[in-house]
Each structure stands twice: as structure tokens, then as C-alpha cells.
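# Coordinate analysis (summary)
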Amino acid sequence: IDTMIPLQSRALWNKHKVQKFEDAEGFDDRFIHHVETTLARSLYNCDDLAAYESTSISVRDNLVIDWNKTQQRLTARDPKRVYYLSLEFLMGRALDNALINMGSEPKPNSNGDELLGTRDMVKDSLNDLGFRLEDVLAQEPDAALGNGGLGRLAACFIDSMTTENIPAWGYGLRYEYGIFAQKIIDGYQIETPDYWLNIGNRWEIERHEIQIPVTFYGYVDRPDGDTPTTDPAQWIGGERVLAVAYDFPVPGYKTTTVNNLRLWKAKPTTEFDFAKFNTGDYKNSVDQQQRAESITACLYPNDNFAEGKELRLKQQYFWCAASLHDIIRRFKKTQRPWSEFPDQVAIQLNDTHPTLAVVELQRVLVDLEKLPWAEAWDIVNKTFAYTNHTVMQEALEKWPVSLFSRLLPRHLEIIYDINWFFLQEVEKKFPDNSELLSRISIIEEVYPERLIRMAFLAIVGSHKVNGVAELHSELIKTTIFSDFVKFYGPSKFTNVTNGITPRRWLKQANPELSKLISEAINDPKDDFLLDMTKLTKLAEFADDHGFQQRWNKVKEDNKIKLADLIKNLNNGEDIIDREHINNTLFDIQVKRIHEYKRQQMNIFGVIYRYLAIKNLLEQGASIEEVEKKFPRKVSIFGGKSAPGYYMAKLIIKLINSVADVVNSDVAIADLIKVVFIPDYNVSKAEIIIPASDLSEHISTAGTEASGTSNMKFVMNGGLIIGTVDGANVEITREIGEDNIFLFGNLSEKVEELRYNHKYRKSEMPSELKMVLNAIESGLFSPENPNEFKPLWDSIKHHGDYYLVSDDFASYLATQELVDQVFHYEKSEWIKKCILSVANVGFFSSDRCIEEYAETIWNVEPVKPE
Ligand code: NBG
């Protein structure tokens with residue numbers, strides 16, 4: 001490319017090469033430049049918001065310079081690239097993370113007595129300019145374009161892909177409204193819109209030049225009449241909208257590689273409906289155009305639940321079509337033959353949401369590129385891989401055929417053909433097995449309408465399918481996908497256990513612990529954030545009393561920070577007793593509210609504790625005596641419920657009602673406090689997680705595919721109470737079973753237990769009876785004693801699907817053990833925490849990405865020179 005540009009021009013461009021800021025001087029210069037030009041402000045009216053904006057643009061400048069170099073390097077080398085398609089990227093704030101990553105090595109400060117990374121350097125600079133970094137960082141709204149674990153996983157993965165120098169792109173949607181903000185009013189969840197772009201977005205680069213037309217509806221044209229549907233056909237679309245690219249640079253840790261996260265926004269075409277216009281219906285034709293933007297207006301706020309709305313399917317196709325078009329365009333620039341497409345392109349489907357990309361690629365190859373069906377299908381199959389994130393039926397996407405035939409008529413034909421060829425193969429291998437055929441078919445024949453099973457389509461269209469933790473990956477093989485294992489053999493199915501990025505979840509969220517670690521293991525340049533095996537050295541200090549005390553001090557400081565946050569959220573009123581903070585156990589459960597995650601069991605446990613304390617007091621015990629049995633504890637909850645999820649909302653209300661009663665009961669003298677933190681999100685998680693002594697991961701065995709906050713809590717020196725579910729299993733293997741509090745029935749037992757409930761062969765433990773009686777008596781809802789009826793009914797009369805009554809006794813017993821160790825064997829407790837962190841390295845998302853790269857994508861890193 002270089003040779004096409006005249007020498008003279010090239011010289012000029014080189015002379016004015018844009019430079020990154022490298023030191024304080026350079027940063028000051030850039031900062032003031034942007035305040036005075038980009039923001040049109042000055043020394044006299046630069047507030048924290050302006051300081052945030054200017055710092056962000058300055059940092060972005062550096063990233064963009066490296067981003068350009070990365071792209072030029074990749075264009076020249078043309079390696080295989082990975083495309084990670086995810087409808088959710090739960091990024092959180094960008095600035096602090098960029099300052100920590102940003103590539104450059106720490107440099108000695110002006111006195112030469114300390115190493116300063118970019119973050120510390122900018123912090124000092126901002127100080128000199130009159131700002132506090134913390135205040136500046138706090139100006140940034142969370143980019144909350146995701147619901148929970150699935151979206152946050154995608155965010156951790158693009159961090160790791162960049163850190164590992166993998167040529168990778170993320171593709172998603174630029175929702176105008178992220179996940180709703182949660183308010184708690186009278187104990188109830190109220191949703192308010194999250195217009196996160198309110199103050200603009202300094203991190204994105206709008207690409208006016210990249211606008212891709214996407215069509216919907218219409219009909220299929222076959223000029224030759226009744227030819228087979230596998231022959232090329234022409235889809236004449238009806239509605240047309242444009243996909244505009246917005247790029248977000250993704251920095252890596254200790255590398256100058258900067259990858260791209262490309263999010264699409266829908267906008268109207270400039271075409272005009274002249275038919276309408278001519279009939280004088282100008283207003284209507286403008287309105288219709290305007291509707292294009294609704295496609296990317298809003299993130300669907302469901303976690304682990306598929307809501308079959310037409311607009312959602314439109315989002316999915318819009319995003320798949322635009323992304324594939326972009327990928328194909330990049331591939332075509334290299335003028336390679338189509339047969340090389342899978343050598344150059346790996347596309348990872350994050351859950352079934354992007355499965356339409358499989359169909360769209362087949363359509364492009366057959367209808368537009370005129371490849372024979374089988375040849376095209378071979379390319380498609382080698383290109384795609386699919387990650388499954390759940391075995392729960394209500395979360396598996398199934399779309400009505402009728403909806404498809406209207407919205408995407410040609411795609412429906414292609415799906416039928418894919419299914420037809422697939423079922424023929426099945427029939428060949430297992431002749432005369434019509435039951436198998438109907439079970440395994442991509443089309444589910446149910447009354448009143450046929451459904452397309454997107455997970456099955458994703459399996460058939462991919463060369464690899466993975467689950468997200470060992471137990472989960474085994475479960476999908478024996479339950480929802482067992483027929484596919486029979487047909488394909490087990491090798492198509494694999495496991496990649498989830499992970500988290502230690503840059504955000506250790507260094508950024510917990511700077512003090514990170515510092516203590518780097519000192520202890522003598523790693524002043526924080527290389528352990530790249531190579532977490534270095535942490536094993538911490539084990540040497542597990543018994544060291546002095547070290548334990550320093551460790552505990554960090555925890556205490558983090559608990560104070562959380563207490564401050566809670567105080568702020570509570571209009572300045574302190575709920576947590578500061579004086580006893582060190583020997584108050586912080587017991588935390590923060591995640592989406594879901595029956596399967598069993599926040600109800602947690603709050604029942606709190607109620608049990610409260611009733612037991614009250615009983616002891618009534619029997620004449622002194623508060624000191626009671627405290628011996630039930631030492632100080634704060635139960636902290638946080639998490640959003642899907643707006644339409646009635647039971648989850650009721651659980652939130654119960655937690656808040658219990659909090660009201662317990663927190664205001666002076667008789668129990670602060671022995672229990674209950675807190676519901678409203679609007680749990682990534683930036684709050686960064687404060688909450690480092691403050692935990694104990695966190696709860698207590699899903700019904702077999703229901704939580706992996707969980708990822710479990711890993712975050714362990715990485716921050718907290719212990720876990722949990723069921724034998726999801727990644728808890730491997731956490732136990734890595735950190736040792738002495739360092740985790742496991743309880744409850746195993747997944748193998750679940751079916752039998754549910755059966756027992758159905759035929760009324762189960763006994764409810766007396767502790768649970770006591771709790772449910774208290775709730776039924778109206779203790780927590782005196783005005784409306786029946787308020788929580790659906791909660792007890794589901795256990796007493798509707799089969800207790802989530803098996804709360806089966807696990808409750810062992811849950812309480814294990815909580816008792818927790819109290820014992822925390823309050824009477826504190827040194828043992830801290831030792832467990834240190835040993836856990838020493839062995840948490842496996843859960844770095846860098847390890848995941850290496851596994852995906854090697855076993856699924858077959859891609860190599862491209863390192864900067
Ligand atoms: C969620 C699981 C979690 C898992 C994340 C990330 C869905 C469909 N699944 O257990 O419930 O940690 O995915 O893999 O959101």
C-alpha cells in the first residue's frame with residue numbers, strides 16, 4: 001500500500017507523525033489542549049466532568065495511535081482473526097481500566113525511588129492540575145450493555161484477547177439504553193431507563209463511512225420457477241435500514257496491541273417511500289423511517305430467559321448481517337478463494353443469540369456468491385463454534401416459524417434445507433428411528449405452532465460446541481444435547497471453564513491487595529497480572545502472623561469503603577456498626593435475582609437466625625451469650641430482577657421487608673444487619689467484591705452453568721459458601737476443599753428429589769417450617785400477611801422445584817461452621833483466604849482465551865514488534 005503514496009506526501013505525513021504522551025509533561029499538554037479546544041472550556045470552568053472528558057480523550061488518543069498500528073500490522077501479516085459475536089458486552093467504566101492497561105512499562109518517578117505506571121503518573125498530573133483522580137473516574141457512567149454473567153464474560157474475554165495479542169474483534173450492538181437502573185421504592189424494584197449516552201461517549205469513534213444496508217421482510221424470487229430451494233434464489237427485501245459502525249478501542253495489559261469492539265447502531269436509509277409520499281402521506285413515511293432506530297434502542301433486560309419478541313429477532317438479524325458483511329468485506333480485500341475463508345476467519349457464537357450468522361453466511365455463499373450448497377456448508381461449518389451458557393429450558397431460544405417466514409423468508413428456507421440434509425444423515429446412521437428424528441430436528445413440531453430450536457441449529461452449524469465449566473459441559477452432553485453426542489460422537493463437545501480478567505477484578509478493584517501481593521511475591525512490575533501462577537508464592541506467607549495482619553487490614557479497609565457506599569446509598573445514615581467492622585462477617589450475595597440462584601434460601605437463613613436470636617433472648621439469655629452463638633453478621637444483597645419476573649421481584653421485596661424489621665429491632669443489638677444495595681452494576685461490584693468475607697453461590701445443583709463472580713470473590717481474598725455447582729467444583733479443586741464451604745445435594749440427586757416432591761414423599765425441615773410460619777404470620781408484611789404467599793406456596797404446594805427444603809438444613813449447618821471459623825479461628829480463616837488467592841490463577845480469562853485459541857479457533861497471537 002505504501003508504494004501507492006507519492007514520496008512527498010509520505011514525507012510530510014511522517015514529519016507530522018502523531019505521538020503518544022509518554023510522561024506527565026506530555027499528559028498535561030494533551031489534557032489542556034483538549035479542555036481548551038475539544039471541550040471549548042478553560043482553566044476557569046473546568047469541573048470534574050470536563051476533567052474526566054479531557055482525560056478520556058487524551059487517553060483515547062494514545063489508544064487510537066496503537067489501534068492504528070495494530071490494524072496496519074494485521075493488514076500486512078493477514079493472520080487468521082477471531083470474531084467474538086455477543087449481543088451483550090457489560091464493559092463498565094473504561095477510563096481506570098485503560099490507565100491500568102495502556103501498554104507502557106512503569107517508569108521511575110522524579111525522585112527515582114518508586115516505579116510509576118501510567119495510572120499513577122496521570123493521578124499525580126491531575127493532582128497538580130487541581131483534580132482528584134477518584135473524583136474524575138467517578139464521572140464516567142457504566143457502559144452497561146449486558147445483563148449479567150454472559151455479558152461480563154464477553155467483556156473479560158476481549159480484555160484477555162487483546163492482552164494475549166490475539167487478532168480479535170468483538171461485534172455487538174450499540175444500545176441507546178443499557179440495562180435499566182434499579183430503584184428500590186418501599187422495598188419494590190422500580191426500573192428507570194439507563195440513557196448512558198446522556199453526556200456523550202468519549203470512547204467511541206463513529207464511522208460514518210461504514211454503513212451497511214440490512215433488509216427485512218419481503219419475499220423470495222425464483223426466476224426459474226420451482227427450482228430446489230438449495231439453488232440460488234433472490235431475496236427481495238421489504239424494509240431497509242442502515243447499520244452504522246461505532247468502534248471502541250480495547251487496550252491490553254503490557255502490550256501495545258489495541259483491538260476493536262465494533263458496535264452497530266441502526267439508522268434510517270436516505271431512501272424514501274415514494275408511493276406513500278405521492279399519496280400525500282409524508283408524515284407517515286418519515287415516521288416509518290424513524291422506526292429504524294428502534295432496532296438498537298434497547299437491551300432486552302432478561303437474564304437466562306428467552307422472550308420471543310419480534311423486535312429481538314430483528315436485533316439479532318440486524319447485528320449478524322452487518323457483522324458478517326464486515327467480516328466478508330475484510331476477507332475479500334485479500335483476494336483469497338472462498339475455500340480459505342475458515343483458515344482466515346473463526347467466528348465464536350456467544351450463546352445462540354448470533355445463530356442467524358450461520359444462516360446468513362450460507363445465504364451469502366449460495367445466493368450471492370453462487371457456491372454449490374455442500375461446498376458452502378462446509379465453509380460455514382468450519383468457521384463457526386458455539387458456546388452454550390445454560391441447560392435451563394426457559395433460556396433456550398426457540399423462534400416461531402411463522403415469525404421467520406414473515407421477517408426472514410429466505411433464511412427460513414435455508415434453515416429447512418439445513419435441517420433436511422442433517423436429518424438425512426441422522427436417518428442414515430440410525431435408520432427407522434422416527435422418535436430420534438423428531439427429537440433431534442431443528443424444527444420442533446408443537447401445537448399451535450412450529451418452533452425453530454436455535455441451539456440445535458447452532459450445533460449443526462458449528463464444528464465445536466463448548467460449555468463453560470466442567471460440570472456444565474458434562475451436563476449438556478447427557479441432557480439437552482445427548483442425541484447430538486450420539487450422532488456426532490463426543491469429540492464435537494468440549495469444555496472451556498470461564499475466567500475473569502485480573503486487571504479489572506484484582507488490580508483495579510482492589511489496589512491495596514494487589515500492592516500487598518506484588519510486595520510479598522517480589523513482583524514490583526505486577527507481572528503476576530499476566531502470569532497468575534506467580535501467585536502460588538503467596539502460600540509461603542499463609543501462616544505468617546504479621547502477613548496475616550497486613551492481609552486482614554486490607555480487608556478491613558475495603559469493608560470500610562463498602563460501608564461508606566452503603567451509607568451514601570442510604571441517605572447518609574449508617575447501617576453498619578463501624579466500631580466492630582473487623583469482627584462483623586460481611587456475607588454477600590450479588591448477582592441477578594433468580595429462583596435458581598436461590599436468594600430466597602439466603603434470606604430464609606437470615607430469618608432463621610433472627611428468630612433463633614429472638615428465642616434465646618426470650619428465654620432470658622443475655623445479648624453477650626447470644627452473640628457467642630450468633631456472632632455479628634451483615635447480610636448484603638444486590639441484583640436486578642427481569643422487569644417481568646414476578647417471583648424474583650417478590651424475593652427482592654422480601655429481602656427489603658426483612659431488612660426493615662431486623663435493622664430496626666433494637667433488642668438484637670446490631671447482631672444482624674440486612675442490606676439490599678440498589679442498582680448492582682460493574683462499578684458497584686468493584687467496591688462490593690473486595691469487601692467480602694463470605695460470598696454465596698448457592699444455586700440448585702446443575703442449574704448455574706459456571707458463575708463468574710465466585711471467581712472474583714476468591715481472587716479478592718473472600719471465602720465461598722456454595723453448592724457443588726458450576727465452576728464451584730473447579731474452584732474447590734484448585735484452592736483445596738479445606739478452603740471452601742460446600743453444602744447441599746449433588747446434581748445427580750436433583751431428579752429424584754423433584755420426583756419425591758411431586759409424590760409428596762419429602763419432609764420439610766423444622767427450621768424451614770419455622771421460617772415460613774413467621775412469614776405467613778405477617779411478621780414482615782403486617783399490612784398484607786399474604787404478600788409473600790407465592791414464595792411459600794412454591795415450596796409447600798408446587799413441588800419446590802429449586803429444592804430449598806432439601807438443602808436448607810445443610811445450608812444452616814454450614815453457616816454455623818462459617819461463624820465458628822470466622823469468629824473463633826480467625827487466623828485459620830485468613831490462612832484459607834491467602835491460600836485461595838495463591839491458587840486462583842486458573843481462573844484468569846487469559847487461560848480461557850489460550851484454550852479457545854488452541855482448541856477451537858486455531859489462531860496464533862500477533863505480537864507487536
Ligand atoms: C450465564 C450462566 C452463568 C455463566 C454465564 C457466563 C446465561 C444464559 N448464562 O452461570 O447462567 O457464568 O452465563 O458463561 O446468561
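Residues numbered from 1 in each chain as written. Predicted model: local features only at pLDDT ≥ 70, side-chain atom pairs only at ≥ 80, totals over all residues. Heavy atoms only, no water.

### Remarks on the domain arrangement of the protein
- Here the domain parsing of the protein yields domain 1 (21-77 + 95-139), domain 2 (144-498 + 850-857) and domain 3 (555-843).
- In this structure, domain 1 and domain 3 have C-alpha centres spaced 41 Å apart. (Domains from an automatic or database assignment.)

### Here's the deal with the site of the ligand
- By nearness alone, 13 residues border the ligand, and Asn304, His389, Asn498, Glu704 and Gly707 come closest of all.
- One of the side-chain nitrogen or oxygen atoms of His389 is found 2.6 Å away from an oxygen atom of the ligand.
- Within the contact set of the ligand, an oxygen atom lies 2.9 Å away from a backbone nitrogen or oxygen of Gly707.
- Look at the ligand: alone it shows 380 Å² of surface, and the protein chains cover 94% of it.
- Here the residues of the shell around the ligand are counted per class, giving five nonpolar, six polar and two charged.
- A domain split of the shell around the ligand shows at least three residues from each of domain 2 (144-498 + 850-857) and domain 3 (555-843). (Near = heavy atom within 4 Å. Polar contact = N/O pair within 3.5 Å; in protein donor to acceptor, adjacent residues only side chain to side chain. Areas by Shrake-Rupley, 256 points an atom, 1.4 Å probe, with all protein chains shown as cover. Nonpolar A, V, L, I, M, F, W, Y, C, P; charged D, E, K, R; others polar.)

### Some remarks on the packing of helix 21 (residues 511-520) against helix 22 (residues 545-569)
- Contact geometry for helix 21 and helix 22: axes closest at 9 Å, N-to-C directions at 160°. By the criterion of interaxial angle, the relationship of helix 21 to helix 22 is roughly antiparallel. Relative to helix 22, helix 21 is oriented so that their crossing is right-handed. On the side of helix 21, the interface is formed by Glu512, Leu513, Leu516, Glu519 and Ala520, while helix 22 contributes Phe547, Arg550, Trp551 and Val554.
- Per-class residue counts for the contact of helix 21 with helix 22 are six nonpolar, no polar and three charged. (Axes fitted to C-alpha atoms, helices over the stretch in contact; angles between N-to-C directions. Helix = DSSP H or I, 4+ residues; strand = E, 2+ residues; numbered from the N terminus. Parallel < 35°, antiparallel > 145°, perpendicular 65-115°, else oblique. Left-handed = near helix turned anticlockwise from the far one by under 90°. Contact = heavy atoms within 4.5 Å.)

### Overview of the nonpolar core
- Trp264, Leu538, Phe604 and Trp857 are the most contacted members of the largest nonpolar core, which has 262 residues in total.
- Residues within four places of Phe604 in sequence aside, it is in contact with Leu654, Leu768, Val771, Leu772, Ile775, Ile795, Val804 and Phe808. (Core = buried A, V, L, I, M, F, W, Y, C linked by side-chain atoms within 4.5 Å. Buried < 20%, exposed > 50% of the residue type's maximum accessible area, 1.4 Å probe, protein only.)

### Things to note about the packing of aromatic side chains
- Counting across every chain of the model gives 37 aromatic pairs.
- With a centroid separation of 5.9 Å and 75° between ring planes, the pair formed by Tyr84 and Phe157 is classed as edge-to-face. Residue Tyr84 is found in strand 1 (residues 81-85), and its partner Phe157 is found in helix 7 (residues 149-163); the two are separated by 73 residues along the sequence. The two residues Tyr84 and Phe157 agree in class, both being buried.
- Aromatic pair Phe422 and Phe484: ring centres 5.8 Å apart, planes at 5°, arrangement stacked. Of this pair, Phe422 sits in helix 15 (residues 409-429) while Phe484 sits in helix 19 (residues 482-488), placing them 62 residues apart in sequence. For the pair formed by Phe422 and Phe484, the shared burial category is buried.
- By the ring-pair criterion, three or more aromatic residues cluster together here, those being Tyr386, Phe422, Phe456, Phe481, Phe484, Phe487, Tyr488 and Phe493.
- Between Lys492 and the ring centre of Tyr488, over which it is positioned, the NZ or CZ distance is 3.7 Å.
- Above the face of the Phe842 ring, Arg733 is positioned so that its terminal group lies 5.5 Å from the ring centre. (Phe/Tyr/Trp six-rings, centres within 6.5 Å; stacked < 30°, edge-to-face > 60°. Lys NZ or Arg CZ within 6 Å of the ring centre and 35° of its normal.)

### So, the environment of Leu263
- With respect to the secondary-structure elements, Leu263 resides in strand 13 (residues 258-268).
- When its relative accessible area of 3% is taken as the criterion, Leu263 is described as buried.
- Sequence spacing of Leu263 and Val244 is 19 residues, and the spatial spacing of their C-alpha atoms is 8.3 Å.
- Ignoring any residue separated from it by four or fewer positions in sequence, one finds Leu263 in contact with Phe89, Leu145, Gly172, Leu173, Arg174, Val244, Ala245, Tyr246 and Phe248.

### What to know about the sheet that holds strand 15 (residues 384-387)
- Taken in spatial order, the nine strands make up an open sheet running 9-12-13-6-1-14-15-19-20, and their pairing is mixed. The open sheet terminates on both sides in strands that have one partner only, identified here as strand 9 (205-216) and strand 20 (493-495). Direction aside, neighbouring strands of the sheet carry axes that sit 25° apart on average. (Pairing = 2+ DSSP bridges.)

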